[in-house]
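# Fold and contact review
This is what each chain is made of:
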2 protein chains.
Amino acid sequence: MPAMLLTQAASGLSPSQITVFLVELAVMLGLARVLGEVCRRFTLPQVIGEIAAGVVLGQTILGQFMPETFAWLYPAEGEVAIGLEGMVTLSATLLLFVVGLEVDLSTVWRQGKAALLVTAVGIVLPFTFGFLLAYGLPDFLGVGPRGEQAPLPFAIFMGIAMSITALPVIAKVLIDLNMAKSDLGMLVISSAMLNDLVGWLGFAVVLALLPAAAVVASGDGAGEVVEAVKQAVNGGADDAGLGVWWTVTLTVAFVVGMLTVGRWLCHKAVVRVQAHWAWPGGVLSFVFFVALLCAAATERIGVHSILGAFIAGVAIGDSHHLRERTRDVIHQFVMNIFAPLFFASIGLRLNFVADFNLPLVVTVLVIAASGKLVGSYAGAKLAGLSHRESWATGFGMTAQGAVGIILGQLALEAGLIDTDLMIAIVIMALTTSVMAGPAMQRVLQSKRKLRLIDTLTERHVLMTPAARSAEQAIHELSERAADLTGIDAEAIHRAVMERERIMHTGLPHGLAVPHARLDDLPKPCVVVGRSREGVDFDSPDGEPARLIALLLTPTSQPSTQIELLSDFAQTFDRPFVRTRAMSVETTTEFLAMLNQATATSDMITHDDETLGMR
Amino acid sequence: MPAMLLTQAASGLSPSQITVFLVELAVMLGLARVLGEVCRRFTLPQVIGEIAAGVVLGQTILGQFMPETFAWLYPAEGEVAIGLEGMVTLSATLLLFVVGLEVDLSTVWRQGKAALLVTAVGIVLPFTFGFLLAYGLPDFLGVGPRGEQAPLPFAIFMGIAMSITALPVIAKVLIDLNMAKSDLGMLVISSAMLNDLVGWLGFAVVLALLPAAAVVASGDGAGEVVEAVKQAVNGGADDAGLGVWWTVTLTVAFVVGMLTVGRWLCHKAVVRVQAHWAWPGGVLSFVFFVALLCAAATERIGVHSILGAFIAGVAIGDSHHLRERTRDVIHQFVMNIFAPLFFASIGLRLNFVADFNLPLVVTVLVIAASGKLVGSYAGAKLAGLSHRESWATGFGMTAQGAVGIILGQLALEAGLIDTDLMIAIVIMALTTSVMAGPAMQRVLQSKRKLRLIDTLTERHVLMTPAARSAEQAIHELSERAADLTGIDAEAIHRAVMERERIMHTGLPHGLAVPHARLDDLPKPCVVVGRSREGVDFDSPDGEPARLIALLLTPTSQPSTQIELLSDFAQTFDRPFVRTRAMSVETTTEFLAMLNQATATSDMITHDDETLGMR
């Protein structure tokens, strides 16, 4: 059957293409993770590292210094480029689906008027700024070839780009500040959800309003761009465009339908699938089926597939029947495999050096940040929040994060904006995301919860202290602490023993927490000792202490001691964590165990079912 | 920057292409799941349903009856075809990576001589059959255009294809028979692992042995096939082929290196990543990075990317530091999203009606099954196993499952075999997989463990019985059982009460299991009642029964009663399962809860850590 084989061979990727495809994915994934971890170390959002990976691998650095390697690894056209494009499209779709899963409509509902006010005023102000600027000074901003033909959609887009808020970034910031479940936290999250929804719908309108056949005649190759754009608007060469009003009508019908009937159907279907299909495989397949189908639907309507995926996420995520374990599998996989690919791909084709335009970057940043900050502040104040809370809400809402970047990318692809503006939007989105957390923290005078794991390295763990008594153990740990801090070991030992003489610091289940506050300590220092034999710390249940944490904190940070103490006690409160802690062999394994135990303890507080049902 | 935009537009997929891409993925995923669930209902392996989805959507059915829709949804060439090809390549790579993760080298080591014997004799016999047949009758078997030029590789391939064993299928069968941890089960699993390893290495040799430039001149389009083949062997047009001996040497070096130094390095790296990176995201990224890189390496060497992914899985999977939760996320996602896409894609391009060749199908089936059965039996016998156990081992090892199909697909793509033979291999692999379980079961006279969930539908659950006493509850449940079985309610009630009078069947924690064996019952019937008020069943801890299971079993199946009873007691032994059971509202929700509880109880017995560390 030669014909058969031909089909197979014709659509097939050659081995060298497959090699490049696999290597480019591996390199993007690996570097995105490494740079993401670097960011995490400096408590910056991971997405910055992921985009930076694309900048390093893309035109800005690799393309500049090793153009041949760049052209081999990330060819601009051909089978490999199309394969990567397919993966990136799928990644963006799944990413927005996961963002949608996090939206909880009932929370939005409960916040009601306040969320509505923060969202409305918070959108109107920066939208107006962006709109007016784009309408007045399109060339300064960097209008794209297609945007020139369509000043209105361009201006609306800029308005939206200035007024978006990133739900995932906000959620992460609030969790870090231990505020996710506070009234203020819920208000900010609800407003961000509503904001997301409005922003995406607005963007759908922008796409629908774009003229079907813009004609641009500037520079070579522009004709092809126009062709591509034309096709894009017409939904392919094989069918006529739907027209603006059809697109808008169908989009609204789709969104309303999915959030009412669709939501109800998903809810029913999820229960049935979980009752009768393999678990959790059945519900995983079902959820992806719906996400892909909704994405295809909106793509067909003429707005982007991403909107459909987002709405599918909202509709399905709202079902309380969707178990935590299913969400967890989807979330982990998408956020750690697909999301880094998407963000790295954004940096790939942009040249952050050649196309960097400082006045533009500053303008976009100032307008977006100030408009959103003042608008959301005003909304919160109108809703009756205090001065301080209103500012905190304002700062929280400025974070643009991933969503702003995705919108920019879509606008760039649609020819609405040019690369200068895209770079300005990326920098603005990242800067506002970095600032939101610290700013809220400062305004509320609250702070990040300090975790035990953040204070430890391999050198802070003593696996086999020789000590046979509490005093000996404290002596050994103090010597290590002295090595690490440069403070005199005797001084540490004396301060700790002084506290110990008032009452021994043994806790039940073989834990002990000798501690002291020291004047000349610049930051907290914890040394953990693990003794297999155990040391008597006079604990309430009489058990000898096997896990001993020496907690040294600066006198100037009065609350740090209690934070570390409670984190230590909570983490090792679970029997299997203690068992694991006793069984590991090396200090690195000890840290791995603790890292994992800390991550899971967050999850368990978040949802008890996680512990139970799997 | 028109140049910039051109790059964006040139490599981009048009909206209508994205729509098709998303729809084809959604449809494959959805149908594969639905047909997979149908198979599961009939206790057939799910992979059959997944391949059937491809047959329905492919040339055999959709292409036959709705050729235009088929051509739109699954175009043979162009951007969409390449995008799908990229996804399928990635899916196959990740699938084999997961299969590799399941290989536990130390288990293989411990089974030592016996596993070696079963594998060796079990391979030699069917290999010889396949090899001789292919060498003697290549045209009858259906040699491909490239296989004609290379009778030796073709014959070696047929030998391997006849002697492969599918690890995932075997593992599933043994778990179903509750034998995975028995000596016999361990032997079969170890032998299957060893078999996999040998098979893949042998296939690498086949690919390496293929002549670099086969010239075929039969029919139109064959020239292009040859071109494609040539490129495939040369590793692309841009570089010369590595040559057979280089390929073999590098492959062996890669495998040995990865299983020794690579394994050790992965082991070290996994601990470090888990200690210092975000958990579990960091280790997820790391694991995929290694998998993709190894896959690219073997693809570059000239053997398939799949081998590299498999070996990467073996190297990483062996690390006991890789936590169960990480494995679970990878396993669930790959097996439920990527694997169905891969298997459905196999059926897509084959025509199971037009290219069905009965004599060939029968020949392949008989040779593969008999060779493997007799060979493995002989090996087990030589290793000192009993007559019966040896037969069981033999039947277990015949299952070819997914691995046989993947090998066939690769050989088809390489032009080594034609579509007739491919179809015969697919049918043989599926048939042996279906037979392996029942055959082992029959030989060992053991049986599948009956699970409570398998006996229940919505009609078998009573959410709010009105009963206030044990006798009333039994009466109510008996009436429902009578409806469902057609047996007289009075007779049931009498039989159950007779047992109850000897001693009440209340268990601790609010459970009760009234039961009876009935002569005229064709199959077990369970009716579960959930009473929020509780009914006194005289339980040891004095708690009223809130979950009451009426267990009716045929007298002819003496062990069924105790199986159902223990499954019920074990499932509801966990407090959170009971809590959930009391809180659900509908019978469907009750089944969903039970389905999930059953799945997790398997997991917990499998690894206690799953319960603990997350």
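Residues numbered from 1 in each chain as written. Chains lettered and ligands numbered in written order. Predicted model: local features only at pLDDT ≥ 70, side-chain atom pairs only at ≥ 80, totals over all residues. Heavy atoms only, no water.

So, about the pattern of salt bridges. Tallying each qualifying case throughout the model produces seven salt bridges over all chains. The residue Arg451 of chain A makes a salt bridge to Asp567 of chain A at a minimum N-O spacing of 3.1 Å. Highlighted residues: Arg451 of chain A in the loop between helix H21 (419-444) and helix H22 (452-455) and Asp567 of chain A in helix H25 (residues 560-571), separated in sequence by 116 residues. Residue Asp567 of chain A is classed as buried on the basis of its relative accessible area of 4%. As a salt-bridge pair, Arg33 of chain B and Glu37 of chain B come within 2.9 Å of each other at their nearest N and O atoms. Highlighted residues: Arg33 of chain B and Glu37 of chain B, both in helix H2 (residues 15-41), separated by four residues, approximately one helical turn. In this structure Arg33 of chain B comes out as buried when scored by relative accessible area, which is 5%. (Salt bridge = Lys/Arg side-chain N within 4 Å of Asp/Glu carboxyl O. Helix = DSSP H or I, 4+ residues; strand = E, 2+ residues; numbered from the N terminus. Buried < 20%, exposed > 50% of the residue type's maximum accessible area, 1.4 Å probe, protein only.)

Turning our attention to helix H21 (residues 419-444) of chain B. Residue and element names in this part refer to chain B. Between its terminal C-alpha atoms H21 stretches 37 Å, which fits the 38 Å expected from 26 residues at 1.5 Å a residue. Taken as a whole, H21 carries its principal kink of about 30° at Ala436; the proline Pro438 stands between one and four residues after it. Most of H21 sits inside the fold, with 19 of its 26 residues counted as buried. N-capping of H21 is provided by Asp418, with a side-chain oxygen placed 3.2 Å from the backbone N of Asp420. Backbone geometry just downstream of H21 places Gln445 in the positive-phi region, at approximately 50°. (Expected span 1.5 Å × (residues − 1). Bend = angle between axes of the 7 residues up to and from the residue. Polar contact = N/O pair within 3.5 Å; in protein donor to acceptor, adjacent residues only side chain to side chain.)

Time to look at the packing of helix H18 (residues 358-382) of chain B against H21 of chain B. Between two packed helices, the angle of one axis relative to the other and the distance separating the axes together describe the packing. All names here are of chain B. Direction vectors running N to C along H18 and H21 enclose 45°, while the axes themselves pass 9 Å from each other. With respect to H21, the element H18 is oriented oblique. Seen from above, H18 lies across H21 with right-handed handedness. Across from Leu360, Val361, Val364, Leu365, Ala368 and Ala369 in H18, the residues of H21 making contact are Asp420, Leu421, Ala424, Ile427, Met428, Thr431 and Thr432. Its residues assigned to classes, the contact of H18 with H21 comprises ten nonpolar, two polar and one charged. (Axes fitted to C-alpha atoms, helices over the stretch in contact; angles between N-to-C directions. Parallel < 35°, antiparallel > 145°, perpendicular 65-115°, else oblique. Left-handed = near helix turned anticlockwise from the far one by under 90°. Contact = heavy atoms within 4.5 Å. Nonpolar A, V, L, I, M, F, W, Y, C, P; charged D, E, K, R; others polar.)

Moving on, we get to the nonpolar core. Phe157, Trp200 and Ile417 of chain A together with Phe157, Trp200 and Ile417 of chain B are the most contacted members of the largest nonpolar core, which has 313 residues in total. Among residues more than four places away in sequence, those in contact with Phe157 of chain B are Phe203, Val206, Leu407, Gly408, Ala411, Leu416, Ile417 and Ile425 of chain B. Core analysis: the second largest hydrophobic core is formed by 28 residues, Ile453, Met463 and Leu547 of chain A together with Val271 of chain B among them. (Core = buried A, V, L, I, M, F, W, Y, C linked by side-chain atoms within 4.5 Å.)

Below, the discussion takes up the confidence of the model for chain A. Parts of the prediction with low pLDDT should not have their coordinates interpreted in detail. Residue and element names in this part refer to chain A. For chain A, the average pLDDT comes to 82, and 89% of its residues sit at 70 or higher. Predicted confidence for residues 1-11 stays below pLDDT 50, and this span has 25 contacts to residues more than four positions away or in other chains. Note on residues 604-614: pLDDT under 50 across the span, and 35 contacts to partners over four residues away in sequence or across chains. (pLDDT = per-residue confidence, 0-100.)

Next up on the list: the pairing of strand E5 (residues 525-535) of chain A. A regular strand carries its side chains on alternate faces of the sheet. Residues and elements named next belong to chain A. Here E5 lies mainly inside the structure; nine of its eleven residues are buried. Of the pairings in the sheet, the one linking E5 to strand E6 (residues 545-554) comprises seven bridges and is antiparallel in character. If you follow Arg530 over to E6, its bridge partner there is Leu547. (Pairing = 2+ DSSP bridges.)

Right, let's talk about the packing of helix H7 (residues 105-136) of chain B against helix H10 (residues 151-163) of chain B for a bit. Residue and element names in this part refer to chain B. Running from N to C, H7 and H10 cross one another at 140°; their axes reach a closest spacing of 7 Å. It follows that H7 is oblique to H10 by the angle criterion. Crossing hand, H7 versus H10: right-handed. Where H7 abuts H10, its residues Gly122, Ile123, Pro126, Phe127, Gly130, Phe131, Ala134 and Tyr135 lie against Pro151, Leu152, Phe154, Ala155, Ile156, Met158, Gly159, Ile160, Met162 and Ser163. In terms of residue class, the contact of H7 with H10 is built from 14 nonpolar, four polar and no charged.

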